[in-house]
Amino acid sequence: FMISGAPIFNHSKEWKGVVLVFHDITDLKRLEEMRKDFVANVSHELKTPITSIKGFAETLLGGAQEDPEVREQFLSIIYKESGRLQLLISDLLELSKLEKEDLQLNIQKVTIRSLIDDVLSLVRHSAEEKEIEINVDVDPDLKLEVDSSRFTQLLLNLVTNAIHYTPEGEHIYINMDEHENDIKLTVRDTGIGIPSEHLPRIFERFYRVDKARSRNSGGTGLGLAIVKHIVEAHNGKIEVESEVNKGTTFSVILPKEFTNPSS
Ligand code: ADP
């Protein structure tokens with residue numbers, strides 16, 4: 001609580017008492033804590049690749065570049081780590097745009113199947129490498145009112161996660177159920193699953209079930225936070241169900257027609 005007070009006097013200027021106002025600042029404090037945590041997390045996430053880039057560059061400059069094999073190996077680490085920095089920064093910028101109150105969406109009526117096909121062509125290589133089969137069962141004529149580049153980003157994040165957290169030879173299913181006013185899009189995998197105690201937190205920024213696994217697979221820890229913001233900007237909601245070693249299903253429920261919340 002924050003307390004502020006003021007004295008009360010009567011007509012003859014005699015002191016009668018005080019008024020105390022108790023402000024409940026629990027929410028404010030919580031927001032401040034979250035902001036501090038976020039800054040600390042961002043700094044930590046940036047520090048790791050920068051330390052590694054600096055260290056390998058220093059070792060190269062200190063003489064290691066004379067050995068062509070070592071040079072090749074260190075340069076490829078530097079290249080990979082700078083890619084990670086780039087991805088992290090572009091995810092942070094996207095998240096900060098999505099968090100702005102006056103977010104402008106570019107809403108168009110689009111065939112959802114074509115957006116799914118765009119995403120599949122982007123992930124085909126990584127799915128093939130792990131021999132993961134992606135099955136799509138979506139009406140090819142179904143149209144939705146969405147911001148197509150953001151919706152593609154949403155799908156890409158869910159599908160890349162499904163590939164990362166699913167062992168070789170397993171499956172991914174993308175389905176769409178149509179109802180009168182809304183649709184339900186599901187991305188299901190037969191992967192490692194998420195223990196139930198982690199489920200309520202996976203949409204938080206930088207929350208990961210297994211930090212090492214996520215980093216090794218190139219994850220920034222921001223993918224699902226971005227997905228949730230995109231879904232909510234479209235007045236939809238997202239649900240997750242998961243069973244360890246059985247798999248995970250993300251369901252996105254979206255209205256077929258977009259209504260601007262501010263109009
Ligand atoms: P990351 O970059 O770590 O993948 P995300 O925000 O996309 O970050 O996901 C947060 C965490 O949720 C991941 O680190 C992972 O532990 C878990 N997760 C997300 N999708 C799946 C999935 N399909 N199967 C299992 N775990 C998942």
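These numbers come from a predicted model, not from an experiment.

K.L.:
Which residues make up the confidence of the model for the protein chain, and what are the values?
P.N.:
In the predicted model, the protein chain carries a mean pLDDT of 92, and 99% of its residues have values of at least 70. Scoring the predicted complex yields pTM 0.86 and, for the interface, ipTM 0.98.

K.L.:
Before we move on, could you go through the pairing of strand 9 (residues 247–255) and cite the residues and values that matter?
P.N.:
The element strand 9 is extensively covered by neighbouring structure, given that 8 of its 9 residues are classed as buried. Sheet topology note: the strand 7 (residues 182–189)/strand 9 ladder contains 8 bridges and is antiparallel. The partner of Asp182 across the bridge, within strand 9, is Pro255. In this sheet, strand 9 lies alongside strand 8 (residues 237–243) in antiparallel orientation, the contact comprising 7 bridges. Bridging across to strand 9, Lys237 finds its partner in Ile253.

K.L.:
Go over a nonpolar patch on the surface, please, and point to the residues and values.
P.N.:
Taken together, the side chains of Phe1, Ile3, Phe9, Trp15, Val18, Leu20 and Phe22 define a hydrophobic patch exposed on the protein surface, amounting to about 850 Å² of accessible area. Broken down by element, the residue count for the nonpolar patch peaks at 4 residues, all from strand 2 (residues 15–23). Structurally, the position occupied by Ile3 is in strand 1 (residues 2–9). Here Ile3 falls in the exposed class, since its relative accessible area comes to 51%.

K.L.:
Lay out the site of the ligand with the relevant residues and their values.
P.N.:
The environment of the ligand is formed by 19 residues, the closest being Tyr165, Asp189, Ser214, Gly221 and Leu224. A distance of 2.9 Å separates an oxygen atom of the ligand from a polar atom in the side chain of Asn161. Between the ligand and Tyr165 there is a distance of 2.8 Å, counted from an oxygen atom to a side-chain nitrogen or oxygen.

K.L.:
Residue-level account of the nonpolar core, with values.
P.N.:
Core analysis: the largest hydrophobic core is formed by 47 residues, its most contacted members being Ile112, Val146, Phe151, Leu154, Leu158, Leu185 and Val252. Counting only elements with at least two residues in this core, the list comes to helix 2 (68–99), helix 3 (112–129), strand 5 (143–147), helix 4 (148–164), strand 6 (171–178), strand 7, helix 6 (223–233) and strand 9. Ignoring sequence-local partners within four residues, the contact set of Leu185 consists of Ile116, Phe151, Leu155, Ile174, Asn175, Met176, Phe250, Ser251 and Val252.

K.L.:
Just give me the short version of the sheet that holds strand 9, but keep the residues and values in it.
P.N.:
The strand order across the open sheet formed by 5 strands is 4-6-7-9-8, and the pairing between neighbours is mixed. Every interior strand has two partners, whereas the edge strands, strand 4 (133–137) and strand 8, have only one. On average, each strand axis in the sheet is inclined to that of its neighbour by 15 degrees, with strand direction left out of account. The strands that helix 3 touches are strand 4, strand 6 and strand 7; relative to strand 4, the one it contacts most, it runs at about 175 degrees. Packed on one face of the sheet, helix 6 meets strand 8 and strand 9 and runs near 140 degrees to strand 8.

K.L.:
A description of the pattern of salt bridges should follow, citing residues and the corresponding values.
P.N.:
One pass over the full model with this rule turns up 14 salt bridges. Where Arg30 meets Asp27, a salt bridge forms, and the shortest distance between an N and an O atom there is 3.8 Å. On the criterion of helical spacing, the pair formed by Arg30 and Asp27 is a turn pair, its members being 3 residues apart in helix 1 (residues 26–61). You can call Asp27 exposed: its relative accessible area is 52%. With its nearest N and O atoms 3.3 Å apart, the salt bridge here joins Arg205 to Glu99. Pair noted here: Arg205 is in the loop between strand 7 and helix 5 (211–216) and Glu99 is in helix 2, with a separation of 106 residues, a long-range link. A single salt-bridge network, built from bridges that share partners, covers Glu45, Arg208 and Arg215.

K.L.:
Tell me about the side chain of Asp147, and please be specific about residues and values.
P.N.:
With respect to the secondary-structure elements, Asp147 resides in strand 5. For Asp147, a relative accessible area of 4% gives the class buried. Those residues in contact with Asp147 that sit more than four places away from it in its chain are Leu105, Asn106, Ile107 and His234.

K.L.:
Would you mind going over helix 1 in detail, with residue names and values included?
P.N.:
End to end, helix 1 covers 52 Å across 36 residues, agreeing with the expected 52 Å (1.5 Å per residue, within 8%). Burial in helix 1 covers these residues: Val42, Glu45, Pro49, Ser52 and Leu60. Where helix 1 is buried, its residues touch helix 2 and helix 5. Downstream of helix 1 by one or two residues, Gly63 has phi in the positive range, about 130 degrees.

Rules used in this analysis
- Residues numbered from 1 in each chain as written.
- Predicted model: local features only at pLDDT ≥ 70, side-chain atom pairs only at ≥ 80, totals over all residues.
- Heavy atoms only, no water.
- pLDDT = per-residue confidence, 0-100.
- Buried < 20%, exposed > 50% of the residue type's maximum accessible area, 1.4 Å probe, protein only.
- Helix = DSSP H or I, 4+ residues; strand = E, 2+ residues; numbered from the N terminus.
- Pairing = 2+ DSSP bridges.
- Patch = residues over 30% accessible without salt bridge, like charges linked within 9 Å, V, L, I, M, F, W, Y side chains within 5 Å.
- Areas by Shrake-Rupley, 256 points an atom, 1.4 Å probe, with all protein chains shown as cover.
- Salt bridge = Lys/Arg side-chain N within 4 Å of Asp/Glu carboxyl O.
- Near = heavy atom within 4 Å.
- Polar contact = N/O pair within 3.5 Å; in protein donor to acceptor, adjacent residues only side chain to side chain.
- Core = buried A, V, L, I, M, F, W, Y, C linked by side-chain atoms within 4.5 Å.
- Contact = heavy atoms within 4.5 Å.
- Axes fitted to C-alpha atoms, helices over the stretch in contact; angles between N-to-C directions.
- Expected span 1.5 Å × (residues − 1).

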